[in-house]
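Coordinates in review
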Amino acid sequence: MARIIVVTSGKGGVGKTTTSAAIAMGLAKKGHKTAVIDFDVGLRNLDLIMGCERRVVYDFINVINGEASLNQALIRDKNCDQLYILPASQTRDKDALTREGVGKVLDELSADFKYIVCDSPAGIEKGANLALYFADDAFVVTNPEVSSVRDSDRILGILASKSRRAEQNEEPIREYLLLTRYDPNRVKSGEMLGLEDVQDILSLHLLGIIPESKSVLSASNAGIPVILDEKSEAGQAYEDVIARYLGEERPHRFIESKQGFFRKLFGG
Amino acid sequence: MSLLDFFRLSKPKTAEIAKERLQILVAHQRVERNRPSYLPQLQQELLEVVRKYVNVDQEAISVKFEQDDNQETLELNIVLPEFQSETEEVKDEQVNI
Ligand SMILES: Nc1ncnc2c1ncn2[C@@H]1O[C@H](COP(=O)(O)OP(=O)(O)OP(=O)(O)O)[C@@H](O)[C@H]1O
Ligand SMILES: [Mg+2]
């Protein structure tokens with residue numbers, strides 16, 4: 001039986017796809033057979049971030065409609081043979097997703113995979129609802145910013161009421177916080193919400209803080225999940241996230257602001 | 001005060017404002033989330049019953065749901081039309097369910 005992880009946020013552009021790619025690669029690198037599914041039907045992007053866009057033949061919707069088998073549609077990652085990508089359709093819209101169809105695909109994958117990572121689209125409509133419906137764990141990706149925190153709270157409400165686990169009165173989805181695009185310097189100067197501020201409001205189990213980092217853009221330019229950039233802070237932060245998710249205890253990093261040259265000079 | 005502090009002070013600490021706004025907003029959002037789904041229908045049916053006796057309009061009835069650690073209460077407010085009372089036109093009835 002696979003463990004199903006949804007990467008979700010409500011708000012768009014906060015780093016769900018970046019996170020999905022990184023954590024799927026992280027889990028696979030640890031030797032766990034992992035599939036990552038793009039639920040953003042009509043706006044597929046995960047294939048680009050994973051660098052497999054030219055190998056897409058069939059997609060998620062083709063599998064749901066029985067036009068291709070799972071094996072035909074799954075793309076094996078070029079960097080890690082334990083990792084497979086199921087791309088979203090580029091030409092269809094979210095109505096092509098059905099709960100039965102998604103359930104069937106997840107069931108079939110469950111037999112063979114250890115982890116299934118669902119990259120949710122933004123919003124709280126059909127695509128996002130289906131991405132979280134079957135989840136066991138939710139990684140709530142939040143930026144330290146008012147609209148993102150509010151939307152994360154909305155998503156928590158949906159996880160608690162509109163998921164399979166909620167509807168069938170099973171043990172609730174485990175919710176984890178990933179605070180991304182964090183800038184400790186701006187937090188220190190009082191212009192950005194800090195970890196404690198966000199936790200005072202959401203109080204979730206913190207899996208990690210991903211700092212704002214130029215390496216995320218370089219990684220997406222190259223089509224390589226940022227976790228493989230072991231020198232980068234974002235890469236290391238995602239590495240920590242995986243270790244913590246798998247049960248290891250690691251202190252949180254990248255929270256402290258670095259004392260810059262001018263700060264030292266002026267004694268800030 | 002260092003030179004840098006001086007420049008910093010000239011900027012408001014907007015994160016604090018953000019946090020306060022979020023706390024209010026999210027508290028509100030969570031109350032809404034726990035609110036029973038039958039409220040609108042309850043309000044409508046109550047209106048019909050009240051109208052058998054007093055001619056009130058749609059806005060005259062409000063049902064508020066509140067929740068604290070040990071109890072949930074429904075606060076029902078019916079504002080009666082002006083001519084019903086000489087001294088004060090607004091008369092509140094409270095029913096706790
Ligand atoms: N830690 C980070 N540091 C710097 N840039 C980041 C970071 N995380 C994400 N980004 C950038 O933010 C943008 C949005 O990221 P991403 O596509 O992962 O978000 P998303 O939540 O999947 O968006 P959508 O809601 O549209 O699906 C991208 O340009 C990405 O490079
Ligand atoms: Mg995305």
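Residues numbered from 1 in each chain as written. Chains lettered and ligands numbered in written order. Predicted model: local features only at pLDDT ≥ 70, side-chain atom pairs only at ≥ 80, totals over all residues. Heavy atoms only, no water.

Once that is clear, we can look at the site of ligand 1. Residue and element names in this part refer to chain A. Residues in contact with ligand 1 amount to 15 residues; listed here are only the nearest, Gly13, Lys16, Thr17, Thr18 and Ser213. One of the side-chain nitrogen or oxygen atoms of Lys16 is found 2.8 Å away from an oxygen atom of ligand 1. Between a nitrogen atom of ligand 1 and a main-chain N or O atom of Ser213, the distance comes to 2.9 Å. Contact with the protein chains hides 77% of the accessible area of ligand 1, taken as 640 Å² for the molecule alone. Listing elements by their share of the shell around ligand 1, those giving two or more residues are helix H1 (16-29) and strand E8 (205-211). If one sorts the elements of the shell around ligand 1 by residue count, H1 sits on top with three residues. Class assignment for the residues of the shell around ligand 1 results in five nonpolar, six polar and four charged. (Near = heavy atom within 4 Å. Polar contact = N/O pair within 3.5 Å; in protein donor to acceptor, adjacent residues only side chain to side chain. Areas by Shrake-Rupley, 256 points an atom, 1.4 Å probe, with all protein chains shown as cover. Helix = DSSP H or I, 4+ residues; strand = E, 2+ residues; numbered from the N terminus. Nonpolar A, V, L, I, M, F, W, Y, C, P; charged D, E, K, R; others polar.)

The subject of this paragraph is the sheet that holds strand E3 (residues 75-76) of chain A. Within a sheet, neighbouring strands are paired by backbone hydrogen bonds and run either parallel or antiparallel to one another. Residue and element names in this part refer to chain A. Taken together, the eight strands give an open sheet; going across it, the order is E3-E4-E2-E5-E1-E6-E7-E8, and neighbouring strands pair in mixed fashion. Each of the sheet's edge strands pairs with one partner strand only, and the pair in question is E3 and E8. Strand direction decides the pairing type here: strand E7 (residues 174-182) and E8, joined by six bridges, are parallel. When the bridges of E8 are listed, Tyr176 appears paired with His205. (Pairing = 2+ DSSP bridges.)

Now for unusual backbone geometry. Residue and element names in this part refer to chain A. In this structure, Asn169 takes a positive phi of about 55° despite not being glycine. Relative to the helices and strands, Asn169 is located in the loop between helix H8 (164-167) and E7. With a phi angle near 60°, Arg181 is a residue other than glycine that sits in the positive phi range. By the element assignment, Arg181 lies in strand E7. What makes Arg181 partly exposed here is its relative accessible area of 41%. (Buried < 20%, exposed > 50% of the residue type's maximum accessible area, 1.4 Å probe, protein only.)

Let's shift gears to the packing of aromatic side chains. Residues and elements named next belong to chain A. Under the defined criterion, the tally for this structure stands at seven aromatic pairs over all chains. Measuring from centroid to centroid gives 4.9 Å for Tyr133 and Phe134, while their planes differ by 85°, and the two rings are edge-to-face. When sorted by exposure, Tyr133 lands in the same class as Phe134, which is buried. An aromatic cluster of at least three residues, connected via ring pairs, comprises Tyr115, Phe139, Tyr176 and Tyr245. Its guanidinium or amino end placed over the ring of Phe113, Lys33 lies 4.8 Å from that ring's centre, counting from NZ or CZ. The side chain of Arg99 reaches across the aromatic face of Tyr133, ending 3.7 Å from its centre. (Phe/Tyr/Trp six-rings, centres within 6.5 Å; stacked < 30°, edge-to-face > 60°. Lys NZ or Arg CZ within 6 Å of the ring centre and 35° of its normal.)

Here we come to the pattern of salt bridges. Residue and element names in this part refer to chain A. The final tally for this structure, using the stated rule, is 22 salt bridges over all chains. Among the ionic pairs, Glu167 bridges to Arg99, the shortest N-O distance being 3.7 Å. Taken as a pair, Glu167 in helix H8 and Arg99 in helix H5 (residues 99-110) lie far apart in primary sequence, 68 residues in all. What makes Arg99 partly exposed here is its relative accessible area of 38%. (Salt bridge = Lys/Arg side-chain N within 4 Å of Asp/Glu carboxyl O.)

Here the focus is the nonpolar core. Residue and element names in this part refer to chain A. Residues Phe39, Phe60, Leu86, Leu97, Val102, Leu109 and Ile116 are the most contacted members of the largest nonpolar core, which totals 53 residues. The leading source of residues in this core is helix H7 (residues 146-161), at five residues. The contacts of Leu97, once residues within four sequence positions are left out, are Phe39, Val41, Phe60, Ile61, Ile64, Val102, Lys126, Gly127 and Leu130. Core analysis: the second largest hydrophobic core is formed by 38 residues, Val56, Leu178, Val226 and Ile227 among them. (Core = buried A, V, L, I, M, F, W, Y, C linked by side-chain atoms within 4.5 Å. Contact = heavy atoms within 4.5 Å.)

Here we come to the pairing of E7(A). Inspection of the sheet shows strand E6 (residues 137-142) of chain A paired to E7(A) by six bridges, in the parallel sense. What sits directly across from Phe139(A), in E7(A), is Tyr176(A).

Attention now moves to the packing of H7(A) against helix H10 (residues 195-202) of chain A. Residue and element names in this part refer to chain A. Relative to each other, H7 and H10 sit at 30°, their axes nearing to 11 Å. H7 and H10 meet at a crossing whose hand is right-handed. Residue-level contacts link Val149, Ser152, Asp153 and Leu156 of H7 to Val198, Ile201 and Leu202 of H10. Of the residues in the contact of H7 with H10, the class split is five nonpolar, one polar and one charged. (Axes fitted to C-alpha atoms, helices over the stretch in contact; angles between N-to-C directions. Left-handed = near helix turned anticlockwise from the far one by under 90°.)

With that settled, the discussion passes to the state of the cysteines. All names here are of chain A. The tally for this structure, following the rule as stated, stands at zero disulfides over all chains. No disulfide involves Cys52; its sulfur sits 13 Å from that of Cys80, the nearest cysteine. A relative accessible area of 1% means that Cys52 is categorised as buried. Left without a disulfide partner, Cys118 is nearest to the cysteine sulfur of Cys52, which lies 16 Å away. (Disulfide = S-S within 2.5 Å.)

This part takes up helix H12 (residues 233-245) of chain A. Residue pairs three or four apart in sequence face the same way in an α-helix, which turns once every 3.6 residues. Its 13 residues place the ends of H12(A) 18 Å apart at the C-alpha level, agreeing with the 18 Å of an ideal helix rising 1.5 Å per residue. Along H12(A), the positions that sit buried rather than exposed are Ala234(A), Gly235(A), Ala237(A), Tyr238(A), Asp240(A), Val241(A), Ile242(A), Ala243(A), Arg244(A) and Tyr245(A). (Expected span 1.5 Å × (residues − 1).)

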